[in-house]
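Tertiary structure, described
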Amino acid sequence: MASKKVSKKSMEPKVPRPVNCFLAFRLEKQGQIVDMLPGANHRDISKLLAKLWKELPESEKEPYRERARQAKIEHAQN
C-alpha cells in the first residue's frame, strides 16, 4: 500500500492512517470501473465511485465499515 514517509521535524517514520470504509469500497471496486471505462481519468472514477457509495444501501456498506473498524484496531496496536 502506501510507503512510510519520514517527518522532517522528527525524522521518524510517519505511519499512514488506516483505511476508512469508503476507501475500502474504492479499493475493491476501482478495478471494475477501470475495466468498464478504460479511458476514464481518476477524477471521473472518483466521482462515479462516490455516487455508487452514496446510493449503496446501508446493509451493503456494513462489510466495508467492518474492514475499516479492523484497520483502525490494527493501526492502534502498531
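Here, the structure is the one placed above.
Residues numbered from 1 in each chain as written. Predicted model: local features only at pLDDT ≥ 70, side-chain atom pairs only at ≥ 80, totals over all residues. Heavy atoms only, no water.

**Concerning the side chain of R26**
Selection criterion: Here a helix means four or more residues in a row that DSSP labels H or I, a strand means two or more in a row labelled E, and each is numbered from the N terminus. Only protein chains enter the calculation, and the probe is 1.4 Å; a residue is then buried if its accessible area is under 20% of its type maximum, exposed if over 50%, and partly exposed in between. His is not counted here, nor are the chain ends, while Lys and Arg score as positive and Asp and Glu score as negative. Each reported salt bridge corresponds to a side-chain nitrogen of Lys or Arg within 4 Å of a carboxyl oxygen of Asp or Glu.
You can see R26 is positioned in helix α1 (residues 21–36). Despite being buried, R26 has no salt bridge partner; D44 is the closest side chain of opposite charge, sitting 11 Å away.

**What to know about the packing of α1 against helix α2 (residues 42–55)**
Put simply, the test is: Between N-to-C directions, angles span 0 to 180 degrees; the directions come from axes that are lines fitted to C-alpha atoms, helices contributing only their stretch in contact. Orientation labels follow simple angle bins: below 35 degrees gives roughly parallel, above 145 gives roughly antiparallel, 65 to 115 gives roughly perpendicular, and whatever is left gives oblique. For any pair of crossing helices, the crossing counts as left-handed if the nearer helix is rotated counterclockwise from the farther one by less than a right angle, and right-handed if it is rotated clockwise. Contacts were defined at the residue level, with two residues in contact if any of their heavy atoms lie within 4.5 Å. Just so you know the grouping, Ala, Val, Leu, Ile, Met, Phe, Trp, Tyr, Cys and Pro go in nonpolar, Asp, Glu, Lys and Arg go in charged, and all remaining residues, Gly too, go in polar.
Contact geometry of α1 with α2 gives a least axis separation of 10 Å together with a crossing angle of 120°. Between α1 and α2, the angle is such that the two are oblique. Here α1 and α2 pass one another in a crossing that is right-handed. Note on element contacts: α2 touches α1 through H42, I45, S46, L48, L49, A50, L52 and W53, opposite C21, F22, F25, R26, K29, Q30, I33 and V34. In terms of residue class, the contact of α1 with α2 is made up of 11 nonpolar, three polar and two charged.

**Concerning the packing of aromatic side chains**
Put simply, the rule is: Two rings belonging to Phe, Tyr or Trp (six-membered ring only in the last case) form a pair when the distance between their centres is within 6.5 Å. Interplanar angles under 30 degrees mark stacking, angles over 60 mark edge-to-face geometry, and anything in between is tilted.
Considering all chains together, one arrives at five aromatic pairs under this definition. Ring centres of F25 and Y64 lie 5.4 Å apart, and the angle between their planes is 90°; on these two criteria the pair is classed as edge-to-face. Placement of the pair is F25 in helix α1 and Y64 in helix α3 (residues 58–77), with a sequence separation of 39 residues. An angle of 75° between the planes, with centres 6.0 Å apart, marks the rings of W53 and Y64 as edge-to-face. Of this pair, W53 sits in helix α2 while Y64 sits in helix α3, and the two are 11 residues apart along the sequence. With respect to burial, W53 and Y64 carry one shared label: buried. An aromatic cluster is built from F22, F25, W53 and Y64, whose rings are joined through pairwise contacts.

**Quick look at the packing of α1 against α3**
Where α1 contacts α3, the axes come no closer than 8 Å and their chain directions differ by 115°. Between α1 and α3, the crossing angle belongs to the class labelled roughly perpendicular. Crossing handedness for the pair α1 and α3: right-handed. When α1 is examined against α3, the residues C21, A24, F25, E28 and K29 are found in contact with a partner set consisting of Y64, R65, R67 and A68. The residue inventory of the contact of α1 with α3, partitioned by class, reads five nonpolar, no polar and four charged.

Just geometry here; none of it tells us what the structure is for.
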